[in-house]
Amino acid sequence: MQIALNQLATLRAEGHPLGVTSVCSAHPIVLRAALRHGRDHSSTVLIEATCNQVNHLGGYTGMTPADFAALVLRVAKEEGCPENLIVLGGDHLGPNPWRDRAAEEAMVEAERMVAAYVDAGFRKIHLDASMGCLGEPAALDDETTAYRAARLAAVAETAARRAGGAMPVYVIGTEVPPPGGADHALTTIEPTEASAARRTIDIHRRIFAEAGLAEAFARAIGLVVQPGVEFGNHNVISYDRGRIDALKQVLEDEPQFVFEAHSTDYQGTRPLTALVEDGFPILKVGPELTFVLREALYGLDLIASDLGPDYGERPLYAAMEALMLAHPENWSRHYHGTEDEQRWLRHYSLSDRIRYYWTSEPAQSAVARLYGALAGKAVPLPLFWQHMPAAALFSDAPLDPEEVLVWRVTKSLAEYHAACGGAR
């Protein structure tokens, strides 16, 4: 079912809560799976990019917002996914990529980034100016955060009017888990206090009105709060709906809003369904999707190793290990312990920091070699049972390795789709 984001609060108030999965990934296979799934179910495909991942200077993917939008639309065309099903979102848009600079300099860059996102067709904008810049506290007070958010909203409004079409909808608030998950084993996560959520809304409403942006604030649909879910390198904290009774009351008093849940990865259908029912209809997922993608790639790597001696002993795994050791900057601050512990974390951590490496040339070459070893081959059923039991449906027929990857990512997306009301 196609759902407009500004319908979510009304659906909840009417007693028919439905949700939308927010796919936070730039990997082409993940995008293909999401767009194909949306096509097959005629459902909203919300795809979001973060400020560090994609920005006007390229981000760590090397893509500008226009580049990212073009990639999504190209894959959508290949998959026959109608453009009217697609919503592009910008996540944590603010000065975070430039927080090592003075605040004014960082905010000027953030303004340019927001304008580039809106110019490229992004219409769900998460305003996040909560992080301190050079010489400031790590986390800013609510008023400073709101003033900076309003400044960015003004840029978004101007860009949208210039571009034409729909005006943006906004998400405010920043009380979220660490991006990509925590670095340590977790025991519990405290949900956001109801009073803090109310204060965030009240201060933003006042400051937006003072800035002449009451119309923009009227299009604010979501508030980011912590529902008490998280994943670390080693484990997952599942949703406990009994801990947020006071927080849910905020939505009764602020019917304009729903909550947005970050880091919902690895929760499973039942907790995700409870989140949607309790006022969290925007479910953000990212590392889980590239984790299962890596899971499938490594399964195929094992199958290819067993299928033919010319392929070698897990060359994809070996290539990724060498690549991550040569370029440790994306994992070394996050993975701790002995050399053996760090080795398995590099490949199997739930935070999935290996996802930063798949676009590099050595990784792409290794994946291409894997494809070449398996494409068109009939993989015997026992090999699938040994290394990828759930993928046995692909056995004993000419294999398309990419289809196996899309299938595996889609299995995770299907859990989200069911939680959002797609299977009710």
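Residue positions are given per chain, counting from 1 as you read along its sequence in written order. Where local features are concerned, this predicted model is filtered to residues with pLDDT of at least 70; where side-chain atom pairs are given and counted, the filter is 80 or more; whole-chain, interface and lining totals use all residues. Think of the side-chain values as coming from all heavy atoms in the structure, minus any hydrogens and water.

J.: Got a minute to help me understand the pattern of salt bridges in this structure?
T.: What counts as a salt bridge is simple: a side-chain nitrogen of Lys or Arg found within 4 Å of a carboxyl oxygen of Asp or Glu. For the structure shown, the criterion picks out 38 salt bridges. Measuring nitrogen to oxygen at the nearest pair gives 2.9 Å for the salt bridge that ties Asp142 to Arg199. Here Arg199 lies in helix 6 (residues 194-210) and Asp142 lies in helix 5 (residues 142-163), a separation of 57 residues in the sequence. Each residue's exposure class comes from its accessible area (1.4 Å probe, protein chains only) as a fraction of the maximum for that residue type: buried when under 20%, exposed when over 50%, partly exposed otherwise. Note on Asp142: relative accessible area 26%, which makes it partly exposed. Secondary structure elements are taken from DSSP: a helix is a run of H or I of four residues or more, a strand is a run of E of two residues or more, and numbering for both begins at the N terminus.

J.: Looking at this structure, I do not really get the environment of Thr144. What am I missing?
T.: Relative to the elements of secondary structure, Thr144 occurs in helix 5. Residues Thr144 and Ile207, 63 residues apart in the sequence, show an inter-C-alpha distance of 9.9 Å. Pairs of N or O atoms within 3.5 Å make up the polar contacts considered here, provided that, within protein, one atom can donate a hydrogen while the other can accept it, and that residues adjacent in sequence are counted only when both atoms are side-chain atoms. Within the structure, Thr144 has its side chain in polar contact with the side chain of Asp141 (distance 2.9 Å).

J.: Is there a simple way to think about the confidence of the model for the chain in this case?
T.: In regions of low pLDDT, the predicted coordinates are not meant to be interpreted in detail. A residue's pLDDT is the confidence the predictor assigns to it, expressed on a 0 to 100 scale. Model confidence for the chain is summarised by a mean pLDDT of 95, while 97% of its residues fall at 70 or above. Per-residue pLDDT stays below 50 along residues 177-182; that stretch engages in 17 contacts with residues further than four places along the chain or on separate chains. Contacts: residue pairs with any heavy atoms within 4.5 Å of one another.

J.: Hey, could you run me through the packing of aromatic side chains in this one?
T.: Two measures describe an aromatic ring pair: the distance that separates the ring centres and the angle between the ring planes. In this scheme Phe, Tyr and Trp rings, the latter by its six-membered ring, pair at centre separations within 6.5 Å, and the angle between planes marks the pair as stacked below 30 degrees, edge-to-face above 60, and tilted otherwise. One pass over the full model with this rule turns up 13 aromatic pairs. Considering the side-chain rings of Tyr60 and Tyr356, the 5.0 Å spacing of their centres and the 70 degrees angle between planes classify their relative orientation as edge-to-face. Here Tyr60, found in the loop between strand 2 (45-50) and helix 3 (65-79), pairs with Tyr356, found in the loop between helix 12 (339-348) and helix 13 (361-374); they are 296 residues apart in sequence, far enough to count as distant. Summarising the aromatic geometry, the rings of Trp331 and Tyr335 are spaced 6.3 Å apart at their centres and angled 25 degrees between planes, so their arrangement reads as stacked. When sorted by exposure, Trp331 lands in the same class as Tyr335, which is buried. Through successive ring pairs, a cluster of aromatic residues spans Phe68, Tyr117 and Phe122. Over the aromatic face of Tyr298 sits the side chain of Arg314, whose NZ or CZ is 5.7 Å from the ring centroid. Two conditions define a charge located above a ring, namely a distance within 6 Å from the ring centre to NZ of Lys or CZ of Arg, and an angle within 35 degrees of the ring normal.

J.: Just to check I follow, could you spell out unusual backbone geometry for this structure?
T.: Phi is mostly negative for residues that are not glycine, and the peptide bonds are mostly trans. Positive phi, normally seen in glycine, also occurs at His92, with a value near 55 degrees. By secondary structure assignment, the location of His92 is in strand 3 (residues 86-93). According to the relative accessible area criterion, His92 is buried, its value standing at 14%. Phi at Tyr266 is positive, roughly 70 degrees, even though this residue is not glycine. With respect to the helices and strands, Tyr266 occurs in the loop between strand 9 (258-261) and helix 9 (269-277).

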